[in-house]
Amino acid sequence: MNFSTFKSANKLVTGQTALQYLVQALVDAKATKLLIVSDAGVVNSGTLQYVLDLCTVGYSIFADVKPEPEFSQVQDCIDVYHQNNCDAVLAVGGGSALDIAKCVAALADQPGSINDFIGTDKIKSRNIPLIVIPTTSGTGSEVTNIAILSDTENQMKQGIVSDCLLPDVAIVSPLMSVSCPASVTAASGIDALVHALEAYISLNHSDITDALAIQTIQLIVEYLPQAYALPTNLIAREKMATASLMGGLAFGNAGVGAVHALAYPLGAKYKLPHGVSNALMLPHVLKWNVLGCAERLSHIAQLLKLGTSQNHQENAESLVEFLHKFSGQLNIPLGLRHVGITENDIPDLAAEAIKVERLLKNNPRKLSLMDIEAIYREAL
Ligand SMILES: NC(=O)c1ccc[n+]([C@@H]2O[C@H](COP(=O)([O-])OP(=O)(O)OC[C@H]3O[C@@H](n4cnc5c(N)ncnc54)[C@H](O)[C@@H]3O)[C@@H](O)[C@H]2O)c1
Ligand SMILES: [Fe+2]
């Protein structure tokens, strides 16, 4: 392919007073009755109220999105949309609420069930306006054309990929993440870091995604520890919110790779938060990837002033070492055994991970089933 396209939400609104833009966004959407899609954590923390205070039109609230949500939640939410005669969708939450809301806006007025749309480009149009306000700094879902939901039957996370899932407006305000529990700040922040790292080494990267990925990595290494240590640090929250968005733009266009592919079965089978699954796999997959992209990993190590040698492989290894310690400082578990996974579980995990061809094809080193089993073993 000798051209590439670049995808984003139609309008990005950032900065400390970004939330005020909601009033204009509702006018532009010609919304008369909103369905607000959120979850219990966001409601109980009082953070949803910031948004409700700015709502100039009527609304109903679906506040029942579960973390790492199942496909069936989309239909539950569509039912509430119709019962209340809504005509626009506003998501206020982490990646879980955003992903459900994206599917609802795209599918509420279409025939068929959610299962008909799993895969790539199965959704062909969206007529319902979609505004999203993330409350975590991690997934970048506010700017991606992807929704990742849990398939409980097959114990796997599956992607719905369609440009119809790109929101009309993404409002990214640092105020929204201040109430995040420390563990959510840490896990979602690592997810954003993995998005940028995997986008940078993706076989599908471009100069545009490289620029976004590099800035994302630098912001997260500097500001995630600050946001974790002091949740009310608005500068750190704003930098992380922007980094998450930029990481989303990077991976939404370049793709992610084997870290995510090997993390998905952990999330689906063991109900681990997505960021924790990624953190558990990150150093081990990157170590394996050194042979496929030593120069690119070395470049990141040098940017972070970790690599002092002229040897790309040594620099890349110092980056892997750094990332392991970085997750540890955020109190994220550092081995699969700490989350109850044993040697016996590995064949099943590997059998699921190798099916994630959509992501493995971007990885700079090809992985066989045996390679994947070996990586899980190293991650024990
Ligand atoms: N669509 C994409 O591009 C994309 C990318 C990466 C991950 N994902 C998906 O996103 C989901 C994970 O999203 P996430 O990491 O943002 O977490 P989440 O949305 O699952 O939220 C995690 C927990 O944090 C709480 N929470 C969130 N914001 C809060 C706030 N401001 N105050 C208090 N509590 C708050 C929630 O109530 C929940 O209990 C996974 O399903 C993952 O697969 C999607
Ligand atoms: Fe992710």
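Residues numbered from 1 in each chain as written. Chains lettered and ligands numbered in written order. Predicted model: local features only at pLDDT ≥ 70, side-chain atom pairs only at ≥ 80, totals over all residues. Heavy atoms only, no water.

Before going further, it helps to spend a moment on the overall build of the protein. Within the protein, the regular secondary structure consists of 14 helices and nine strands. Relative to its length of 380 residues, the protein is compact, with a C-alpha radius of gyration of 20 Å against a globular reference of 21 Å. Buried positions account for 59% of the 380 residues belonging to the protein. Nonlocal contacts in the protein, meaning residues at least 24 apart in sequence, comprise 77% of its contacts between residues at least 6 apart. Surface accessibility of the protein: about 15100 Å² in total, with carbon and sulfur atoms responsible for 52%. Of the charged side chains in the protein, 25 are positive and 36 negative, and the gap between their average positions amounts to 2 Å. (Helix = DSSP H or I, 4+ residues; strand = E, 2+ residues; numbered from the N terminus. Rg over C-alpha atoms; globule rule 2.2 N^0.38 Å. Buried < 20%, exposed > 50% of the residue type's maximum accessible area, 1.4 Å probe, protein only. Contact = heavy atoms within 4.5 Å. Areas by Shrake-Rupley, 256 points an atom, 1.4 Å probe, with all protein chains shown as cover. Lys, Arg positive; Asp, Glu negative; His and termini not counted. Charge placed at Lys NZ, Arg CZ, Asp CG, Glu CD.)

Within the first shell, the iron ion (ligand 2) binds the protein through Asp191 (OD), His195 (NE2), His260 (NE2) and His274 (NE2), at distances of 2.1 to 2.2 Å. Viewed at the metal, the four donor atoms of the iron ion (ligand 2) are separated by angles of 83 to 162°, and the geometry they form is irregular. Mapping the donors of the iron ion (ligand 2) onto the primary sequence yields the spacing D-x3-H-x64-H-x13-H. On the criterion of helical spacing, the pair formed by Asp191 and His195 is a turn pair, its members being four residues apart in helix α6 (residues 182-201). (Donors = N, O, S within 2.8 Å, 3.2 Å for Na, K, Ca; no water. Tetrahedral: all angles 85-135°; square planar, octahedral: opposite > 155°, others 65-115°.)

Moving on: the site of ligand 1. For ligand 1, the set of nearby residues contains 30 residues, the closest of which are Gly95, Ser96, Thr136, Thr144 and Ser179. In this structure, Thr135 approaches ligand 1 through a side-chain N or O atom, which is 2.8 Å from a nitrogen atom. Ser141 places a polar side-chain atom, nitrogen or oxygen, 3.3 Å from a nitrogen atom of ligand 1. Protein contact buries 91% of the 870 Å² of open area that ligand 1 shows by itself. Those elements that place two or more of their residues in the shell around ligand 1 are α2 (40-44), α5 (95-107), β7 (146-151) and α6. Its residues placed into classes, the shell around ligand 1 shows ten nonpolar, 14 polar and six charged. Three or more residues apiece are contributed to the shell around ligand 1 by two domains, here domain 1 (11-176) and domain 2 (182-378). (Near = heavy atom within 4 Å. Polar contact = N/O pair within 3.5 Å; in protein donor to acceptor, adjacent residues only side chain to side chain. Nonpolar A, V, L, I, M, F, W, Y, C, P; charged D, E, K, R; others polar. Domains from an automatic or database assignment.)

This part takes up the packing of helix α9 (residues 258-270) against helix α14 (residues 369-378). At a closest axis distance of 11 Å, the pairing of α9 and α14 adopts a crossing angle of 65°. Once α9 is placed against α14, the crossing between them reads as right-handed. Where α9 approaches α14, its residues Leu262, Pro265 and Leu266 are matched on the opposing element by Ile372, Ile375 and Tyr376. (Axes fitted to C-alpha atoms, helices over the stretch in contact; angles between N-to-C directions. Left-handed = near helix turned anticlockwise from the far one by under 90°.)

Take the domain arrangement of the protein next. Parsing the protein into structural domains produces domain 1 (11-176) and domain 2 (182-378). For domain 1 versus domain 2, the distance between C-alpha centres works out to 25 Å. With 26 residues of domain 1 at the interface, the matching set in domain 2 holds 28 residues. Where domain 1 abuts domain 2, roughly 2300 Å² becomes buried across the two surfaces, and 64% of that area is made up of carbon and sulfur atoms. A per-residue breakdown of the area domain 1 buries against domain 2 is headed by Ser137, Gln155 and Met156, which together make up 23% of the total. On inspection of domain 1 and its partner domain 2, the count reaches zero salt bridges. At the junction of domain 1 and domain 2, the tally comes to seven residue pairs in polar contact (both at pLDDT 80 or more). Counting only elements with at least two residues in the side of domain 1 that touches domain 2, the list comes to β1 (11-14), β7 and β8 (156-161). The element contributing the most residues to the side of domain 1 that touches domain 2 is β8, with four residues. (Buried area = accessible area lost by both parts, 1.4 Å probe. Salt bridge = Lys/Arg side-chain N within 4 Å of Asp/Glu carboxyl O.)

With respect to the element layout, Val178 can be found in the loop between β9 (169-172) and α6. Excluding residues that lie within four positions of it along the chain, Val178 makes contacts with Pro231, Thr232, Leu234 and Arg237.

The next thing to look at is α6. An α-helix turns once per 3.6 residues; consequently, residues spaced three or four apart project the same way. End to end, α6 covers 29 Å across 20 residues, agreeing with the expected 28 Å (1.5 Å per residue, within 8%). The element α6 is extensively covered by neighbouring structure, given that 17 of its 20 residues are classed as buried. (Expected span 1.5 Å × (residues − 1).)

Further remarks concern the sheet that holds strand β6 (residues 130-134). Read across the open sheet, the six strands follow the order β1-β9-β6-β4-β2-β3; overall the sheet is parallel. Two strands close off the open sheet at either side, each with one partner strand: β1 and β3 (58-62). For this sheet, the mean angle separating the axes of adjacent strands, direction not counted, is 20°. In this sheet, β6 lies alongside strand β4 (residues 88-93) in parallel orientation, the contact comprising five bridges. By the bridge assignment, Leu90 is partnered in β6 with Ile131. Along the sheet face, helix α1 (residues 22-29) touches β1, β2 (33-37), β4, β6 and β9 and points at about 160° away from the line of β6. (Pairing = 2+ DSSP bridges.)

All right, on to the sheet that holds β7 then. Strands belonging to one sheet form pairs held by backbone hydrogen bonds; the direction of such a pair is parallel or antiparallel. Read from one edge to the other, the open sheet built from three strands follows the order β5-β8-β7, with strand pairing classed as mixed. Each edge of the open sheet carries a strand with a single partner, namely β5 (119-120) and β7. Here two bridges tie β5 to β8, and the two strands are oriented parallel to one another. Note that in β8 the partner of Thr120 across the bridge is Val161. Seen against the sheet, α5 touches β7 and β8 and runs at an angle of roughly 105° to β7.

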